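Coordinate inspection notes
This is what each chain is made of:
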Amino acid sequence: MKNCPLRRFIHADWAPASPEHEQGRLLVALLLVMATYTGLQCLFFAFATLFLWLPVIILGASTAYYVALLVGLVRYGWYRLGSLGLVAGTLAGGLIPVLLTGGLFASPLLPVLLLPVTMAFFLGMVRLGTALAFGLPLLGLLQLAWEAIAGALPVISFPGSRARQDSIIANLSAYGLMLSMLVVFEIVSTRLRRERDTERQRLRYLALHDHLTGLTNRRHFTEQLEAACRRADRTRQPLALLFIDLDHFKMVNDQCGHHVGDALLCELANRLRDALRRTDILSRLGGDEFAILLEQAQPGPSLDMLVEKINRAVRAPVTIGEQTLHMTASIGVAFYPHDAQTATGLLSAADAAMYRRKQARRRQSGAESDGTPV
Amino acid sequence: MAFPVADILVHPALRHGAESRVRALTLMLILSGLLLLGVAMLFVSPFTLPDALLPLVQCGLQLNLGLCALLFVLLRAMGRYALAAAGTLLLGTWSAVITVLFTGGLFHSPAFGILIAPVVLGFSLGGLRTGLLIAALLPLLALLEQGIQLAGLPLPPFSATAEEYRDMQQVTHWITYAISSLAMLSAALLRRALRRERDAERLQWQYQATHDPLTGLANRRAFQEQLAEACLRSDRNGQPLALLYIDLDNFKPINDQLGHSAGDQLLQELARRLVQSSRRTDIVARLGGDEFAVIAEFTPGRENAAQLAEKLLAALASPVQLPLPDGSEQSVQIEASLGTAVYPEEAASPEALLTAADRAMYCVKSLHHDTAPGHRLEPAP
């Protein structure tokens, strides 16, 4: 009993976990409305019509019934019992008064029969709801058959009351009940939907971002790149892709340990982010590879300046704990649609340009890097 | 979600996405229900309504049927969902108001119950705000009635025998019942479709957030969570667990010389081998670039862990055939460094366990570097 998930209803900071939990919260709200409604009606009958004890007893019993369902749900997590009990309760609560006050073709209390249908649909039991919606009118046939065999149904009429007034009161209370049910349902289900959407957004963020640096990951970057290529096709403005690979990053990881490597990547990601405009897209493709997407960028001095700026940002010494690291990066640039006509082609073109650059630097073995942009 | 047959019923402009499709279908369901109900009422009303009311009712019903057909055309032929939905709400509301006003007003009408129907329609088609707006109509209706009486305008006289009164009440009750059930059925169908769609999307994001896209193994985030949980389980059942940390020694040159796609294929193949050679209950994860980790629960001692490590290393060591961009294939042999740590013997927390395994792996790696500095990869042709 202690592990019952629905115990958490009482906590405000409860997070949605499974569909059943969410439905459970809805059921709690609906049961509360029903218990309150029958309780109020019981009081009304007890004080307004002092000599009518039958309705008072019935309504009191049904209040206790709903409260029991509520307790079972919240304390012990009996969701199925609660949901079916609610539908059964409202069904009995509709049929008994209707049959006692003239039957399906004469009773002024007929609107109450809408409640079980409403409850079933609200709780997501589409088949049960449909069966009830069609089945209740069919009960009329049953009643006709009964009347043909055994005579008219007994009609209990309230002493001293008039049909019109009864009907108006019955209609008004059915109206109020339906209205409060609809409002409660809408409010609760909107809140649940919003919670589920927040959860979905969180998972989406996790799926599309690199957990270490918070940059977009390869999956997201590929999508963004494809969208940017489509935009470039429309606007006829070229776009540039910079492929950045850190030189000898593996050695940092191997010699100083992973935590230093991770801190280094975070620091460099921050520096790259600072070096770029807000509209540029920076992504960590994996390991020590970063990519930058520049829209409306042409080959020319301004791009060369940006590459130089990135080179400088990477080359500035990084201090992690007591270690100071000096890193360099190889940067390859490719333009769309000049170097490639597809997003994946552009990515490999930039990758290839980066490798050419890396090879060239290796050939200048040990000599200090020339620093001229590609 | 696909609705191959139902698609014919929906205007092409509304077929994009499950939401607009199901919305259109459910509105169609409501409209057809209203049409059927209207036709039924045309035949039933002569028998149940007072004669004085009959011409008015017949006229109103025919008008409503025409409007219903118009809304149908709007929805199916022109694809105007919003307009059709608003039209349905207006139609339902004004029919209910007129019915109540012409049968004795708010406080005397036997048709009072019918006012529930437009409210339910409002909540189902529009949501909370629309529903409340229509519900607010009830007091407004009373004001309207008072206004009409104060202005001295005559409402048509309404008189009915007790029997007629009761019949009328029953008819309006059943109309209310039918419309409300239909509206709620539609709303329930819509909610179910949307919920399924959202859940599927959520599952997809959840998968992507916890798996490495290249190899399909658990990613670093999922690995950390799994490791923490495995340690908790180990605390409870007293069974030690082993963490095997694997780093490929000569992966970077393969990536550099044979290209990224060959490197990716190599990683996929190695991931497959790792999964195959570990036990079913073990968790294999790719922590990044060329690092893998295996969580082996219920590993009673160092010897078992060493056995598993040997098995994994043997699986990794056999050569892999990699296709090259020019169509030929190259055989590549990969060397891996593997470090093992056992919980709770060598580390007291998941983080410490990871660090211990990492350190053990580096010890092995530095040995590799000392004994075999080169890598066994022929230069690319």
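The rules behind the values
- Residues numbered from 1 in each chain as written.
- Chains lettered and ligands numbered in written order.
- Predicted model: local features only at pLDDT ≥ 70, side-chain atom pairs only at ≥ 80, totals over all residues.
- Heavy atoms only, no water.
- Helix = DSSP H or I, 4+ residues; strand = E, 2+ residues; numbered from the N terminus.
- Buried < 20%, exposed > 50% of the residue type's maximum accessible area, 1.4 Å probe, protein only.
- Contact = heavy atoms within 4.5 Å.
- Areas by Shrake-Rupley, 256 points an atom, 1.4 Å probe, with all protein chains shown as cover.
- Axes fitted to C-alpha atoms, helices over the stretch in contact; angles between N-to-C directions.
- Parallel < 35°, antiparallel > 145°, perpendicular 65-115°, else oblique.
- Left-handed = near helix turned anticlockwise from the far one by under 90°.
- Nonpolar A, V, L, I, M, F, W, Y, C, P; charged D, E, K, R; others polar.
- Pairing = 2+ DSSP bridges.
- Salt bridge = Lys/Arg side-chain N within 4 Å of Asp/Glu carboxyl O.
- Patch = residues over 30% accessible without salt bridge, like charges linked within 9 Å, V, L, I, M, F, W, Y side chains within 5 Å.
- Polar contact = N/O pair within 3.5 Å; in protein donor to acceptor, adjacent residues only side chain to side chain.
- pLDDT = per-residue confidence, 0-100.
- 1 Å grid on protein atoms, 1.4 Å probe; cavity = no way out; pocket = protein on both sides within 12 Å on 5 of 7 lines; lining within 4 Å.
- Points joined across faces, edges and corners; volume = space filled by probe spheres on them.
- Buried area = accessible area lost by both parts, 1.4 Å probe.

**Some details on the overall build of chain A**
Assigned secondary structure in chain A consists of 11 helices and six strands. Burial status across chain A gives 49% buried among its 374 residues. Sequence separation of 24 or more characterises 66% of the internal contacts of chain A that already satisfy a separation of 6 or more. Carbon together with sulfur atoms contributes 62% to the accessible area of chain A, which is approximately 18,900 Å² in total.

**Details of the packing of helix α3 (residues 81–102) of chain B against helix α4 (residues 116–125) of chain B**
All names here are of chain B. Here α3 crosses α4 at 165°, and the two axes come no closer than 9 Å. By the angle class used here, α3 and α4 are roughly antiparallel. In this structure, the crossing between α3 and α4 has a hand that is left-handed. For the pair α3 and α4, the contacting residues are Tyr 81, Ala 85, Thr 88, Leu 89, Gly 92, Thr 93 and Ala 96 in the first and Pro 118, Leu 121, Gly 122 and Leu 125 in the second. Looking at the contact of α3 with α4 residue by residue, the class counts come to seven nonpolar, four polar and no charged.

**Considering the sheet that holds strand β6 (residues 329–336) of chain A**
Backbone hydrogen bonds hold the strands of a sheet together, and the pairing may be parallel or antiparallel. Residues and elements named next belong to chain A. Pairing in this open sheet of four strands is antiparallel, and the strands run β2-β3-β1-β6 from one edge to the other. Each having just a single partner strand, β2 (281–286) and β6 make up the two edges of the open sheet. Shown here is a sheet whose adjacent strand axes are inclined to one another by a mean of 20°, direction ignored. Sheet analysis places strand β1 (residues 239–246) next to β6, joined by eight bridges and oriented antiparallel. From the neighbouring strand, Leu 242 faces β6, where its bridge partner is Val 333.

**Remarks on the pattern of salt bridges**
Inspection of every chain in the model, using the stated rule, returns 22 salt bridges over all chains. Between A:Arg284 and A:Asp210 there is a salt bridge, and its shortest N-O distance comes to 2.9 Å. On the criterion of sequence distance, the pair formed by A:Arg284 in strand β2 and A:Asp210 in the loop between α6 (163–208) and α7 (218–235) is long-range, its members being 74 residues apart. The exposure class assigned to A:Arg284 is buried, which follows from its relative accessible area of 11%. For B:Glu346, the salt bridge is made with B:Arg302, and the minimal N-O distance between the two is 2.4 Å. Of this pair, B:Glu346 sits in the loop between β6 (336–343) and α12 (350–371) while B:Arg302 sits in helix α11 (residues 302–317), and the two are 44 residues apart along the sequence.

**What about unusual backbone geometry?**
Cis peptide bonds are those with omega within 30 degrees of zero, and the linkage from A:Tyr336 to A:Pro337 qualifies with 0°. Mapped onto the elements, A:Pro337 comes out in the loop between β6 and α11 (343–363). Positive phi values are uncommon outside glycine, yet A:His248 reaches one of about 60°. Mapped onto the elements, A:His248 comes out in the loop between β1 and α8 (249–256). For A:His248, a relative accessible area of 53% puts it in the exposed group. Residues other than glycine seldom take positive phi values, yet B:Phe298 does so here, at roughly 55°. Here B:Phe298 is to be found in the loop between β3 (291–296) and α11. Note on B:Phe298: relative accessible area 44%, which makes it partly exposed.

**What to know about a nonpolar patch on the surface**
Residues and elements named next belong to chain A. A surface patch of nonpolar side chains, about 450 Å² in accessible area, is lined by Val 67, Val 71, Tyr 76, Trp 78 and Leu 81. Considering each element in turn, the nonpolar patch owes the most residues, three residues, to helix α2 (residues 53–76). Its place among the elements puts Val 67 in helix α2.

**Let's talk about the environment of B:Asp212**
Residues and elements named next belong to chain B. Assignment of secondary structure puts Asp 212 in the loop between α7 (162–210) and α8 (220–237). The exposure class of Asp 212 is buried, given its relative accessible area of 11%. With 97 residues separating them in the primary sequence, Asp 212 and Ala 309 have C-alpha atoms 23 Å apart. Excluding its chain neighbours within four sequence positions, the residues that come into contact with Asp 212 are Leu 217, Ala 218, Asn 219 and Arg 286. Within the structure, Asp 212 has its side chain in polar contact with the side chain of Arg 286 (distance 3.0 Å).

**Notes on the confidence of the model for chain B**
Residues and elements named next belong to chain B. Residues at a pLDDT of 70 or more form 94% of chain B, whose mean pLDDT is 84. Averaged pLDDT values for the elements of chain B fall to 80 in helix α9 (residues 251–258) and rise to 92 in β3. Low pLDDT (under 50) marks residues 373–381, which in the prediction has 19 contacts with non-local residues, meaning those over four places away or in another chain. For this predicted complex, the interface score ipTM comes out at 0.71, while the overall pTM is 0.73.

**Some details on the pairing of β6(B)**
In terms of burial, β6(B) is a largely internal element, eight of the eight residues being buried. Side-chain alternation along β6(B) places B:Ala336, B:Leu338, B:Thr340 and B:Val342 on one buried face and B:Ser337, B:Gly339, B:Ala341 and B:Tyr343 on a second face that is also buried.

**Some points on the sheet that holds strand β2 (residues 283–288) of chain B**
Residues and elements named next belong to chain B. Across the sheet, which stays open at both edges, the four strands sit in the order β2-β3-β1-β6 with antiparallel pairing between neighbours. Looking at strand neighbours, the two that pair on one side only are β2 and β6, the edges of this open sheet. Ignoring strand direction, the axes of neighbouring strands in this sheet form an average angle of 20°. Pairing of strand β1 (residues 241–248) with β6 involves eight bridges; the strand directions are antiparallel. If you follow Leu 244 over to β6, its bridge partner there is Thr 340.

**Observations concerning empty space enclosed by the protein**
All names here are of chain B. If you walk through the whole model with that rule in mind, you get two cavities of 30 Å³ or more. Approximately 40 Å³ is the volume attributed to the largest cavity. What lines the largest cavity is simply Arg 23, Thr 26, Ile 30, Tyr 81, Ser 124, Leu 125, Ser 186, Ala 187 and Leu 190. When residues of the lining of the largest cavity are traced back to their parent elements, those giving at least two are α1 (18–48), α4 and α7. Split by residue class, the lining of the largest cavity holds five nonpolar, three polar and one charged.

**Here's the deal with the interface of chain B and chain A**
The interface of chain B with chain A comprises 58 residues on the first partner and 62 residues on the second. Here chain B and chain A share an interface that buries about 5,600 Å² over both sides, 61% of which is from carbon and sulfur atoms. At the junction of chain B with chain A, the criterion picks out two salt bridges. Note that A:Asp197 is salt-bridged to B:Arg198, the shortest N-O span being 3.6 Å. Where the side of chain B that touches chain A is concerned, the elements lending two or more residues are α4, α5 (128–135), α7, α8, β1, α9 and α12 of chain B. Residue contributions to the side of chain B that touches chain A peak at 25 residues, all from α7(B). Residues of the side of chain B that touches chain A, tallied by class, amount to 26 nonpolar, 15 polar and 17 charged.

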